[in-house]
Amino acid sequence: MTNLVVLTGAGISAESGLATFRDPGGLWRRYRPQDLATPEAFARDPELVLGWYDARRAQLAEVEPNPAHLALARLEREWPGEFLLVTQNVDDLHARAGSRAMIQMHGALKRVRCQACGAVHEWAAALPRATPCPACAAPRLRPDIVWFGEMPMDMPRIMAALEDADLFVSIGTSGTVYPAAGFVRMLPPHARSIEVNTEASAVADGFDELRQGPAGVLVPALVEELLCGG
Ligand code: BJW
């Protein structure tokens, strides 16, 4: 039995039409992360931050999972060993493709969290400032997103899966944001690691194998190879 951990980043959703962060045209080429993706930014200008997440949440209605998302859902269904998908993405494309054994380590656009009572709510609409929490009525809801300086979600489960991994596949991530960028260095010595990206990531030298090209083409081929040996 082979334990498989797959890590994905913004590159896997690029062919669905969602901008990445650091590529030309990426979100961090147009906006400053310190203005939008930190707790301090939210405290300073909640309307700006909520509006940015409202726009990105609304954009999800305009995009569909691509062949790479669908192939990973197939891999989960047909893989004979343990399987865990860890995504840094806050979009809902993996879930809509059918992935279930999944951790969204940086949170989810379609969830909000109450800063007063901690309740997490599914949220598909806009989030106006001071909307009361459905659980406690406090006007303290925020996007359920992991901003810079905050702890990514489900880290103990992710670390346990990495410790037991025999195979690690990283897809469409630049390898610049930690802790995810460090996962390839946390694998047991025997584990095989494969990176799929249109260009070598910042941590590419830690992988056994690099496959260069678009995820929408390379991931279905890799999944076929892993499941059918060719
Ligand atoms: C394709 C493709 C195609 C394109 N096919 N490929 C100094 C040193 C080390 C660490 C730190 C440091 N200073 C601060 C830190 C910590 C900080 C950090 O890493 N900062 C770095 C920028 C230096 N990290 C944190 O603060 C994290 N928390 C933390 O560390 O807590 C402490 C702790 C944790 C654990 C243990 C102990 C302590 C939190 C990070 C939160 C990240 N948040 C964001 C935004 C919020 C979500 C949102 O609004 O969407 O998450 S930032 C942004 O970057 C987003 C992404 O999830 C994340 C990663 O980006 P990703 O996915 O890699 O996208 P890109 O655009 O960078 O890359 C896309 C790639 O795809 C490229 O390589 C393309 O080539 C490729 N590609 N098209 C295949 N078709």
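Data block above holds the structure.
What you are looking at is a predicted structure, and each value in this text was computed from that prediction instead of being measured. (Residues numbered from 1 in each chain as written. Predicted model: local features only at pLDDT ≥ 70, side-chain atom pairs only at ≥ 80, totals over all residues. Heavy atoms only, no water.)

Visitor: Describe the sheet that holds strand E5 (residues 120-122), with residues and values.
Guide: The strand order across the open sheet formed by three strands is E5-E4-E6, and the pairing between neighbours is antiparallel. Of all strands in the sheet, those with a lone pairing partner are E5 and strand E6 (141-145), marking the two edges. Shown here is a sheet whose adjacent strand axes are inclined to one another by a mean of 40 degrees, direction ignored. (Pairing = 2+ DSSP bridges. Helix = DSSP H or I, 4+ residues; strand = E, 2+ residues; numbered from the N terminus. Axes fitted to C-alpha atoms, helices over the stretch in contact; angles between N-to-C directions.)

Visitor: Please give an account of the layout of surface pockets that cites residues and values.
Guide: Reported here for the second largest pocket is a volume of approximately 280 Å³. Residue assignment for the lining of the second largest pocket shows that the elements contributing at least two residues are helix H7 (93-97), strand E3 (102-104) and strand E4 (107-114). Sort the elements by how many residues they give to the lining of the second largest pocket and E4 lands first, with four residues. For the lining of the second largest pocket, a count of residues per class yields nine nonpolar, three polar and six charged. The two domains that each donate at least three residues to the lining of the second largest pocket are domain 1 (1-17 + 65-106 + 152-230) and domain 2 (19-62 + 108-145). (1 Å grid on protein atoms, 1.4 Å probe; cavity = no way out; pocket = protein on both sides within 12 Å on 5 of 7 lines; lining within 4 Å. Points joined across faces, edges and corners; volume = space filled by probe spheres on them. Nonpolar A, V, L, I, M, F, W, Y, C, P; charged D, E, K, R; others polar. Domains from an automatic or database assignment.)

Visitor: Tell me what's going on with helix H5 (residues 46-59), and back it up with residues and numbers.
Guide: Across its 14 residues, H5 extends 20 Å between first and last C-alpha, which sits within 8% of the 20 Å expected from 1.5 Å per residue. For H5, the set of buried residues is Pro-46, Val-49, Leu-50, Trp-52, Tyr-53, Asp-54, Arg-56 and Arg-57. Tucked into the core, H5 has its buried residues touching helix H2 (27-30), helix H3 (33-36), helix H4 (39-44), E4 and E6. (Expected span 1.5 Å × (residues − 1). Buried < 20%, exposed > 50% of the residue type's maximum accessible area, 1.4 Å probe, protein only. Contact = heavy atoms within 4.5 Å.)

Visitor: How would you explain the pattern of salt bridges if you had to name every residue and give the values?
Guide: Per the stated rule, a full pass over the model turns up 16 salt bridges. Glu-224 is the partner of Arg-74 in a salt bridge, and the nearest nitrogen-oxygen pair spans 2.8 Å. With Arg-74 in helix H6 (residues 67-78) and Glu-224 in helix H9 (residues 215-228), this residue pair connects regions lying 150 residues apart in the sequence. In this structure Arg-74 comes out as partly exposed when scored by relative accessible area, which is 23%. One salt bridge connects Asp-92 with Lys-110, and the closest N-O pair in it is separated by 3.2 Å. With a gap of 18 residues between them, Asp-92 in the loop between strand E2 (83-87) and H7 and Lys-110 in strand E4 connect regions that are remote in the sequence. (Salt bridge = Lys/Arg side-chain N within 4 Å of Asp/Glu carboxyl O.)

Visitor: Give me the lowdown on the side chain of Glu-195, citing residues and values where you can.
Guide: Here Glu-195 is to be found in strand E8 (residues 192-197). For the buried Glu-195, which has no salt bridge, the nearest side chain bearing the opposite charge is Arg-185, at an N-O separation of 9.5 Å. Non-local contacts of Glu-195, meaning those with residues more than four positions away in its chain, are made with Ser-170, Ala-200, Ser-201, Ala-204, Phe-207, Glu-209, Leu-210 and Arg-211. (Lys, Arg positive; Asp, Glu negative; His and termini not counted.)

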